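# Residue-level structure breakdown
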Amino acid sequence: ADRARRAPTRRSAKKPRAAPFPAKLFDMVSNHPDILRWNDASRELVIADPHRLTTELMPRFFTVTTGTGLVKSFARQLNYYGFHRVGSPRGPGGRARQSLDGGALVFANRNPRVATVNDLASLVRHEKPPARAAPISTPRVSEASSNEESARVVTPPACPGGP
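Now for a look at the structure at hand. Quantities reported herein were computed from a predicted structural model and do not represent experimental measurements.

Turning next to the overall build of the chain. Scanning the chain for helices and strands turns up six helices and four strands. Put simply, the chain runs from its N terminus to its C terminus through helices and strands in the order α-α-α-β-β-α-α-β-β-α. When the 163 residues of the chain are sorted by exposure, 26% land in the buried category. For the chain, the share of sequence-separated contacts (at least 6 apart) that also reach a separation of at least 24 residues comes to 66%. Just so you have it, the chain exposes about 12,500 Å², and 52% of that area is on carbon and sulfur atoms.

Following this line, the structure appears as structure tokens:
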């Protein structure tokens, strides 16, 4: 009974904090269009210069270590916010190749709420990146000529010497 009368604790009274990645992404896109830009028409994020992204912007905006995994790490964060890579060349094993040779990388977000560059600041993180939908293959079922045929059960032949 006493617990019901207490004022809310500090923890429960706090407002939910905005995720830092969307705010940083918005800042990078707004202030560095030569490296990272938003295409309103196709709702795509274009990383025009992946090398400069990893060497100039990521150290400034994120706690990072050096290495080629930075673009992959950035792409993983984008995946958590509903982006998926489009038009990426595939390497061995069907995995998307990481482009560090100056080639542009393109990530699309098909969420209708993400239409302009201003919407990037209010992205909502998913628990897991959306899984790729596997193509659904349905077996072809030929129609039985009669109900009797469809009800027939096929049993394997008995093994010689078996029960």
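All buried positions along helix α4 (residues 50–61) are accounted for by P50, L53, T54, L57, M58 and F61. Relative to the axis of α4, the buried residues are bounded by an arc of 130° and lie together on one face.

With that settled, the discussion passes to the sheet that holds strand β4 (residues 105–109). Read across the sheet, four strands follow the order β1-β2-β4-β3 without closing on themselves; strand pairing throughout is antiparallel. Of all the strands in the sheet, the pair left with one neighbour each is β1 (36–39) and β3 (83–86). Between one strand axis and the next, the sheet turns by 30° as a mean value, whatever way the strands run. In this structure, β3 lies alongside β4, joined through four bridges in antiparallel fashion. When the bridges of β4 are listed, R85 appears paired with F107.

As a further point, take the nonpolar core. Core analysis: the biggest nonpolar cluster contains 27 residues, and L25, L45, F74 and F83 have the highest contact counts within it. Among the secondary structure elements, those contributing two or more residues to this core are α3 (20–31), β1, β2 (44–47), α4, α5 (69–80) and β4. No other element matches α5, which puts six residues into this core. For L25, the residues in contact, after removing those within four places along its chain, are L36, L45, F74, L78, F83, L120 and L123.

The subject of this paragraph is unusual backbone geometry. Peptide bonds are, in most cases, trans, and in most cases residues other than glycine have a negative phi. Although it is not a glycine, R43 sits at a positive phi angle of roughly 55°. Mapping R43 onto the fold places it in the loop between β1 and β2. Classification of R43 by relative accessible area gives partly exposed; the value is 23%.

With that out of the way, let us pick up the packing of aromatic side chains. A complete count under the given rule lists five aromatic pairs for this structure. Here F62 and F74 contribute two aromatic rings whose centre-to-centre distance is 6.4 Å and whose plane-to-plane angle is 65°, an arrangement assigned as edge-to-face. With F62 in the loop between α4 and α5 and F74 in helix α5, the pair connects residues that are 12 residues apart, well separated along the chain. Residue classification places F62 among the buried positions, given a relative accessible area of 18%. Seen from the ring of Y80, R125 lies directly overhead, with NZ or CZ sitting 3.8 Å from the centre.

Procedures and definitions
Throughout, a residue's number is its position along its own chain's written sequence, starting from 1. Totals for whole chains, interfaces and linings use every residue, but because this is a predicted model, local features are given only for residues with pLDDT of at least 70 and side-chain atom pairs only at 80 or more, for both listing and counting. Calculated side-chain values reflect all of the structure's heavy atoms, with hydrogen atoms and water omitted. Strands are runs of DSSP state E lasting at least 2 residues, helices are runs of H or I lasting at least 4, and numbering of each runs from the N terminus. Three labels apply to residues, based on accessible area from a 1.4 Å probe with only protein chains included: buried if under 20% of the type maximum, exposed if over 50%, partly exposed otherwise in between. Between two residues, a contact is recorded if the distance between any of their heavy atoms is within 4.5 Å. What sets the accessible areas is the Shrake-Rupley method with a 1.4 Å probe; for residues, cover comes only from the shown protein chains. The arc in question is formed by the directions pointing from the helix axis toward the C-beta atoms. Here a strand pair is declared whenever DSSP counts at least two bridges between the two strands. Only the contacting stretch of a helix is used when fitting its axis, a line to C-alpha atoms as for every element, and angles between N-to-C directions run 0 to 180 degrees. Residues belong to a common nonpolar core when they are buried Ala, Val, Leu, Ile, Met, Phe, Trp, Tyr or Cys residues joined through side-chain atoms within 4.5 Å. In summary, the pairing rule links any two rings of Phe, Tyr or Trp, Trp by its six-membered ring, whose centres are within 6.5 Å, and it sorts them by plane angle into stacked for under 30 degrees, edge-to-face for over 60 and tilted for everything else. Whether a charge sits over a ring depends on NZ of Lys or CZ of Arg being within 6 Å of the ring centre and within 35 degrees of the ring normal.

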